[in-house]
Amino acid sequence: MAFVALVILGGVSFLAYVGLKVLVAMFWQKVLLARKGVRTKGVCSGYTSGRYGSGVVVDFTDELGESHRMVAAGWQGVLPQRGGEVEIVYLPRDPKVADLWPVGSLVPNAIYMTVAVPVILASGLACLVAMAWLVHRVWFPG
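The structure contained in this document is the topic of the report that follows. Because the structure is a prediction, the values reported are computed rather than measured. (Residues numbered from 1 in each chain as written. Predicted model: local features only at pLDDT ≥ 70, side-chain atom pairs only at ≥ 80, totals over all residues. Heavy atoms only, no water.)

1. Considerations on the packing of aromatic side chains
The line we're drawing: Ring pairs shown here join Phe, Tyr and Trp side chains whose ring centres sit within 6.5 Å, with only the six-membered ring taken for Trp; geometry is labelled stacked below 30 degrees between planes, edge-to-face above 60, and tilted in between. Working definition: helices are DSSP H or I runs of at least four residues, strands are E runs of at least two. Numbering for both runs from the N terminus.
One pass over the full model with this rule turns up 2 aromatic pairs. Ring centres of F14 and Y17 lie 6.5 Å apart, and the angle between their planes is 40°; this geometry places the pair in the tilted category. Taken together, the residues span about one helical turn, with F14 and Y17 both in helix α1 (residues 2-36) at a distance of 3 residues.

Structure below.
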């Protein structure tokens, strides 16, 4: 029974770690785009729909003249016409990292991060402490 509890607590701790890593990476990407990104105009070449609502497929050309395609998921507002211009921002060193300009949801993401990161961190640490306590009580009583 103790082993099962350790496995569960270890799994929850690992999920907390992965969740933190993903949240921080997503937020950091937005910060990099806002600070170091290059703005350019793209062309709406189509639409998508999925879990997060409508999306717009945007083709754009980087500073070196290479063509790229991005999908602006979770589009809010009126969809641009096919062939219409869309302002985007991308990282010059990695043009696959692109988003709409202005980099949306940066402030709401910052607020979300101030709540989510401590909660996930606390739950992961609580699981690790519970694991240590369980190991101490079961395998090293005394």
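From this point, the discussion proceeds with the structure in view.
2. Focus on the pattern of salt bridges
Put simply, the rule reads: Between Lys or Arg on one side and Asp or Glu on the other, a salt bridge is scored when a side-chain nitrogen of the former is within 4 Å of a carboxyl oxygen of the latter. Relative accessible area decides the class of each residue, using a 1.4 Å probe on protein chains only: under 20% of the type maximum gives buried, over 50% gives exposed, and in between gives partly exposed.
Taken as a whole, this structure holds 3 salt bridges when the rule is applied. Close ionic contact of R69 with D59 constitutes a salt bridge, the shortest N to O distance being 2.7 Å. Pair noted here: R69 is in strand β3 (residues 67-72) and D59 is in strand β2 (residues 53-61), with a separation of 10 residues, a long-range link. Residue classification places R69 among the exposed positions, given a relative accessible area of 59%.

3. Here's the deal with the pairing of strand β5 (residues 94-100)
This is how the line gets drawn: The pairing criterion for strands is at least two bridges between them, as found by DSSP.
Sheet topology note: the strand β4 (residues 85-91)/β5 ladder contains 4 bridges and is antiparallel. If you follow L91 over to β5, its bridge partner there is D94. Between β4 and β5, which pair antiparallel one after the other, the connecting turn spans 2 residues.

4. Structural notes on the environment of R39
Let me state the cut-off plainly: Contacts are residue-level and defined by heavy atoms, with any inter-residue pair within 4.5 Å sufficient.
Of note, R39 is situated in strand β1 (residues 38-50). When the C-alpha positions of R39 and D99 are compared, they lie 9.7 Å apart, and in sequence the two are 60 residues distant. Dropping the residues within four chain positions of it, R39 is found in contact with E87, I88, V89 and W101.

5. A closer look at the side chain of D99
Its location among the elements puts D99 in strand β5. Here D99 falls in the buried class, since its relative accessible area comes to 17%. Contact partners of D99, with chain neighbours within four places excluded, come to K30, L33, M70, I88 and V89.

6. Let's talk about a nonpolar patch on the surface
Keep this limit in mind: Candidate patch residues must exceed 30% relative accessible area and have no salt bridge, after which like charges are joined if within 9 Å and Val, Leu, Ile, Met, Phe, Trp or Tyr side chains if within 5 Å. The Shrake-Rupley method, run with a 1.4 Å probe sphere, supplies the accessible areas, and residue values consider only the shown protein chains as cover.
A contiguous nonpolar surface patch, about 620 Å² in accessible area, is contributed by F14, L15, Y17, V18, V22 and M26. For M26, the position within the fold is in helix α1.

7. Considerations on the sheet that holds β5
Stated formally: Axes here refer to lines fitted to C-alpha atoms; in helices the fit is confined to the stretch in contact. Angles between the N-to-C directions go from 0 to 180 degrees.
Read from one edge to the other, the open sheet built from 5 strands follows the order β3-β2-β1-β4-β5, with strand pairing classed as antiparallel. Each edge of the sheet is formed by a strand with only one pairing partner; in this case those strands are β3 and β5. Taken pair by pair, the neighbouring strands of this sheet meet at an average axis angle of 45°, ignoring direction.

8. A few points about the side chain of S13
The test is simple: Identification of polar contacts relies on pairs of N or O atoms within 3.5 Å, with a donor-acceptor requirement for protein atoms, meaning one able to donate a hydrogen and the other able to accept it, and with residues adjacent in sequence counted only if both atoms are side-chain atoms.
Within the fold, S13 resides in helix α1. A polar contact of 3.4 Å, which involves the side chain of S13, links it to the backbone oxygen of G124. When sequence neighbours within four positions are dropped, the list of residues in contact with S13 reads G124, C127, L128 and M131.

9. Topic: the pairing of β4
Counting buried positions along β4 yields 5 of 7 residues, so the element is predominantly enclosed. Direction of pairing for β1 relative to β4: antiparallel, over a ladder of 6 bridges. In the strand pairing of β4, T40 is matched with I88.

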